[in-house]
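Examining the three-dimensional arrangement
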Amino acid sequence: MKINGQPYRTIHPIGHEIVQIIDQTRLPHAFEVKPLSNVNEAAEAIRHMLVRGAPLIGAAAAYGMALATKQGVDEAWLDDSAAFLMATRPTAVNLRWAVQRMLNVLKPLPETQRHEAAWFEAAAICDEDVALNQAIGRHGAEMLQALYQKKGRPLNVLTHCNAGWLAAVDWGTALAPIYTAFEAGLPLHVWVDETRPRNQGASLTAWELANHGVPHTVIADNAGGHLMQHGEVDVVIVGADRVTATGDVCNKIGTYLKALAAYDNQVPFYAAVPSPTIDWAISDGLREIPIEERSADEVAWVQGKTTQGEILCVNVLPQGSSAANPAFDVTPARLVTGIITERGIAAPQAMKLLYEG
Ligand SMILES: CSC[C@H]1O[C@H](OP(=O)(O)O)[C@H](O)[C@@H]1O
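Numbering of residues starts from 1 in each chain and follows the order in which that chain's sequence is written. Note on the predicted model: pLDDT of at least 70 is required for a residue's local features to be given, and 80 or more for side-chain atom pairs to be given and counted; whole-chain, interface and lining totals, by contrast, use all residues. With hydrogens and water set aside, each side-chain value is computed from the structure's full complement of heavy atoms.

Per the UniProt annotation, the sites labelled "binding site: substrate" (unreviewed entry) are R52, G53, A54, R89, Q200, N251 and K252. Considering only the annotated residues already named, the ones lining the largest cavity are R52, G53, A54, R89, Q200, N251 and K252. The buried category is assigned to Q200, whose relative accessible area is 3%. Q200 has contacts with M49, R52, C161, N162, E194, T195, T205 and K252, leaving out every residue within four places of it along the chain. Here K252 shows up in strand 11 (residues 249–252). UniProt positions are given in the numbering used here, feature names are shortened, and annotations may be inferred rather than shown by experiment. Only protein atoms enter the 1 Å grid, on which a cavity is a set of points fitting a 1.4 Å probe that cannot get out and a pocket is an open set with protein on both sides within 12 Å along at least 5 of 7 lines, lining residues being those with an atom within 4 Å of a point. Each residue gets one of three labels from its accessible area relative to the maximum for its type: buried under 20%, exposed over 50%, partly exposed in between, using a 1.4 Å probe on protein chains only. Note on contacts: a residue pair is in contact if any heavy atoms of the two residues lie within 4.5 Å. Helical segments are the DSSP runs of H or I of at least four residues, strand segments are the runs of E of at least two, and each set is numbered from the N terminus.

Set out below in structure tokens:
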């Protein structure tokens, strides 16, 4: 996407020494970039969600491996760095996919070639992510165009969390069809779930859409079902952190509840999924996908900006109340209308056909 009219990616290398990221914990109130100079900083940026979103977590881990080669290129060090990165966040399969791809490229090479190759491969992963998401945008926009022809009025799209360009290297996944359709002139409006507790919707998706000029309205997470009951939602498009071979969709906590409401109101429900987010090795998302349990503080504390422009955090819980914070849930394939991939759109049970031949 563009920042101040210039093309901008969420992560990019500066030479073979530094990787620059956007500190997403500071948005929407401050746009701050941050340099990562070693694998530890890359891991901490993932763990504390300065960079987040399944595709971007993968890209950041890939560059984490490239940064690791500044300190060493022997197999033991590469394996330790890989394990360190993979321990940061367990749910998005993109992290494991990217780290394993880096190891598969680096280990067969002579040590003298590993540093250069690591930076090249990390850049390739990023370039591929952009292309995958652009293709998702094209396929998803065709679906939106067909829906628009059917409805004969501006579309209302609901999305959950942030699966925009901030969640990827560029374009995003769930928002790619929205950007593509919007830029093609399709009249649409986006309901943006605030997405407690980290408010990726209110803080990131709304920021993206506002900067892009896409009409949108931030809503409480619990408002989506009501809007669907009253015909205010034409389609739901979400991202994913891991999709099973059978089309179960693991995504930000609350996605399952949106899928239930969509199913009950016959609203089409799509997940936008680039290939690296599909875990072909598993078929039962509810039992096989590890769900990250994040700090209860994320539920208790909320960040905002005062009328004087000061950014601060406040506690919203009574003294002595505890909190639980499962970060993701799994939507069973039976509630999913279609999976939007870079190869096309398929019903969950037919997704594998997109990858055969
Ligand atoms: C395009 S994947 C975005 C996906 O990642 C988010 O999780 P988090 O912000 O915790 O990294 C959320 O599940 C989004 O749908």
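By nonpolar core we mean a set of buried residues, namely Ala, Val, Leu, Ile, Met, Phe, Trp, Tyr and Cys, connected to one another through side-chain atoms within 4.5 Å. Core analysis: the biggest nonpolar cluster contains 76 residues, and I11, L144, W165 and I237 have the highest contact counts within it. Residue ranges assigned to the domains are those given by an automatic or database domain assignment. Each of domain 1 (2–128) and domain 2 (143–354) gives at least three residues to this core. With residues up to four places along the chain from it excluded, the contact list for L144 reads L155, V157, P177, I178, A181, L186, V235 and I237. L158, M228, V243 and V273 belong to the second-largest nonpolar core, a separate cluster that totals 24 residues.

Here the rule is simple: two strands pair whenever DSSP picks up at least two bridges between them. Ordered in space as 3-4-5, the 3 strands form an open sheet in which the pairing is antiparallel. Two strands close off the open sheet at either side, each with one partner strand: strand 3 (11–14) and strand 5 (33–36). When the angles between neighbouring strand axes are averaged without regard to direction, this sheet yields 30°. Looking at chain direction, strand 4 (residues 18–22) and strand 5 are connected through 4 bridges and run antiparallel. Bridge pairing in strand 5 places V19 opposite L36. Axis lines are fitted to C-alpha atoms, over the contacting stretch for helices. Their N-to-C directions set the angle, which ranges from 0 to 180 degrees.

This part covers the UniProt feature "active site" (unreviewed entry) in the chain. UniProt marks D241 with the feature "active site" (unreviewed entry), using the numbering shown here. Within the fold, D241 resides in the loop between strand 9 (235–238) and strand 10 (242–244). For D241, a relative accessible area of 8% gives the class buried. If sequence neighbours within four positions are ignored, D241 has contacts with A54, T91, A92, V93, N94, C250, N251, K252, T277 and F328.

Take a side-chain nitrogen of Lys or Arg and a carboxyl oxygen of Asp or Glu: if they are within 4 Å of each other, that pair is a salt bridge. Evaluation of the coordinates by the stated rule reveals 17 salt bridges. The residue D279 makes a salt bridge to R242 at a minimum N-O spacing of 2.9 Å. Highlighted residues: D279 in strand 13 (residues 278–279) and R242 in strand 10, separated in sequence by 37 residues. By relative accessible area, which is 6% here, R242 ends up buried.

What follows concerns empty space enclosed by the protein. Grid points are joined across faces, edges and corners, and a volume is the space filled by probe spheres set on the points. Enumeration over the complete set of coordinates arrives at 3 cavities of 30 Å³ or more. Approximately 180 Å³ is the volume found for the largest cavity. Contributing to the lining of the largest cavity are 22 residues, with R52, G53, A54, N162 and D241 lying nearest its centre. Within the residue set of the lining of the largest cavity, elements represented by two or more residues are helix 2 (54–68) and strand 11. Residues are grouped as follows: nonpolar covers Ala, Val, Leu, Ile, Met, Phe, Trp, Tyr, Cys and Pro; charged covers Asp, Glu, Lys and Arg; every other residue, Gly included, is treated as polar. Along the lines of polarity and charge, the residues of the lining of the largest cavity split into 10 nonpolar, 8 polar and 4 charged. A domain split of the lining of the largest cavity shows at least three residues from each of domain 1 (2–128) and domain 2 (143–354). Space inside the second largest cavity adds up to approximately 90 Å³. Every residue along the wall of the second largest cavity is listed here: P55, G58, A59, N94, W97, I125, E128, D129, L132, V169, P274 and P276. Listing elements by their share of the lining of the second largest cavity, those giving two or more residues are helix 2, helix 4 (93–106) and helix 5 (111–151). Take the lining of the second largest cavity: its biggest share by element is 4 residues, from helix 5. Across the lining of the second largest cavity, the residue classes tally to 8 nonpolar, 2 polar and 2 charged. Taken domain by domain, the makeup of the lining of the second largest cavity includes at least three residues from each of domain 1 (2–128) and domain 2 (143–354).

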